[in-house]
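# Coordinates in review
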Amino acid sequence: MDIDITPVSSRTIILTLLLTIGLPVVIAVAAMMATRADGMFRWTLVVAAFAAPVAAILLWTMSRNELRISDGQLAIKAGFYGTRLPVSDLRVDEAHTLSPRDAGEHAARWRQNGIGLPGYQAGWFKLRNGDRAFLLMTSPQGVAVPTRAGTWVVVSPARPAEFLAALADEKG
């Protein structure tokens, strides 16, 4: 069963473009103006030409997210990152929904192997409570599910209650 994921917001997309293209171009222009270098327009285009593919790869990655429950497995694909867990290893009865106000100890603190942008977090992170978690967060709302191994799965399904019900049904 495919679970719909909350789409990445347009605000996150705009911010990603500003950070990956806009910021390097502004820094390049400022450096050129400070040094009074010739060919400022040309060098600005060179910086933008190098920054644009980085932005394209990030945006492509942010659009490649999957959350699937089938054959007793929870499969999460988050851009370049992914994990597959047996549903039997999930402590579904201890899972809970998160909102921006109560994310608290389940909020990502340190990225261990993943992408961490404002509005998009994917991969392995250390949470504020010190536990390790696989995240696929595309919005401030989400679901935190502990595993028997002591790690967490924190995701942003479009309909959290349906996601938790599907996990419970698959677990039996």
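Residues numbered from 1 in each chain as written. Predicted model: local features only at pLDDT ≥ 70, side-chain atom pairs only at ≥ 80, totals over all residues. Heavy atoms only, no water.

### Thoughts on the side chain of Thr-151
Along the chain, the position of Thr-151 falls in the loop between β8 (142-146) and β9 (152-155). Side chain to side chain, Thr-151 and Thr-147 meet in a polar contact 2.8 Å long. With near-sequence residues (within four places) excluded, Thr-151 lies in contact with Arg-132, Val-145 and Pro-146. (Helix = DSSP H or I, 4+ residues; strand = E, 2+ residues; numbered from the N terminus. Polar contact = N/O pair within 3.5 Å; in protein donor to acceptor, adjacent residues only side chain to side chain. Contact = heavy atoms within 4.5 Å.)

### Thoughts on the environment of Ala-107
Within the secondary structure, Ala-107 sits in the loop between β4 (96-98) and β5 (108-117). Residues within four places of Ala-107 in sequence aside, it is in contact with Lys-126, Leu-127 and Arg-128.

### Some points on a nonpolar patch on the surface
A contiguous nonpolar patch, built from Leu-19, Leu-23 and Ile-27 and spanning about 260 Å² of accessible area, is present on the exposed surface. The topology assignment puts Leu-19 in helix α1 (residues 10-35). Judged by its relative accessible area of 38%, Leu-19 falls in the partly exposed class. (Patch = residues over 30% accessible without salt bridge, like charges linked within 9 Å, V, L, I, M, F, W, Y side chains within 5 Å. Areas by Shrake-Rupley, 256 points an atom, 1.4 Å probe, with all protein chains shown as cover. Salt bridge = Lys/Arg side-chain N within 4 Å of Asp/Glu carboxyl O. Buried < 20%, exposed > 50% of the residue type's maximum accessible area, 1.4 Å probe, protein only.)

### Re the confidence of the model for the protein
Summing up the model confidence of the protein, the mean pLDDT is 89 and the portion of residues at 70 or higher is 97%. Taken element by element, the protein is modelled with least confidence in helix α2 (residues 40-62), mean pLDDT 86, and with most confidence in strand β2 (residues 73-78), mean pLDDT 96. (pLDDT = per-residue confidence, 0-100.)

### Notes on the sheet that holds strand β7 (residues 132-137)
Taken in spatial order, the 6 strands line up as β4-β8-β9-β7-β6-β5 in an open sheet, and their pairing is mixed. Strands at the two margins of the open sheet, each flanked by one partner only, are β4 and β5. For this sheet, the mean inter-axis angle between neighbouring strands, taken without regard to orientation, is 25 degrees. The sheet contact formed by β5 and strand β6 (residues 120-127) spans 8 bridges and is antiparallel. If you follow Gly-114 over to β6, its bridge partner there is Gly-123. (Pairing = 2+ DSSP bridges. Axes fitted to C-alpha atoms, helices over the stretch in contact; angles between N-to-C directions.)

### Description of the pattern of salt bridges
In the structure shown here, the tally under the stated rule is 5 salt bridges. With a shortest N-O distance of 2.5 Å, Arg-68 and Asp-2 are connected by a salt bridge. Highlighted residues: Arg-68 in strand β1 (residues 65-70) and Asp-2 in the segment before α1, separated in sequence by 66 residues. Given a relative accessible area of 54%, Asp-2 falls into the exposed group. For Arg-68, the salt bridge identified is with Glu-66, shortest N-O distance 3.9 Å. Looking at Glu-66, the relative accessible area reads 35%, which means it is partly exposed. Taken together, the shared-partner salt bridges in this structure form one network comprising Asp-2, Glu-66 and Arg-68.

### Here we look at the pairing of β8
For β8, a buried count of 5 out of 5 residues is recorded, marking the element as mostly surrounded by other parts of the structure. Residue alternation in β8 divides its side chains into two sets, Gly-142, Ala-144 and Pro-146 and Val-143 and Val-145, and both sets are buried. Pairing geometry for β4 and β8, over 3 bridges, is antiparallel. Following the sheet pairing, Leu-98 is matched in β8 by Gly-142. With 4 bridges joining them, β8 and β9 adopt antiparallel strand pairing. Its bridge partner lying in β9, Pro-146 is registered against Trp-152. Connecting the antiparallel pair β8 and β9 is a turn made up of 5 residues, with Gly-150 showing a positive phi of about 95 degrees.

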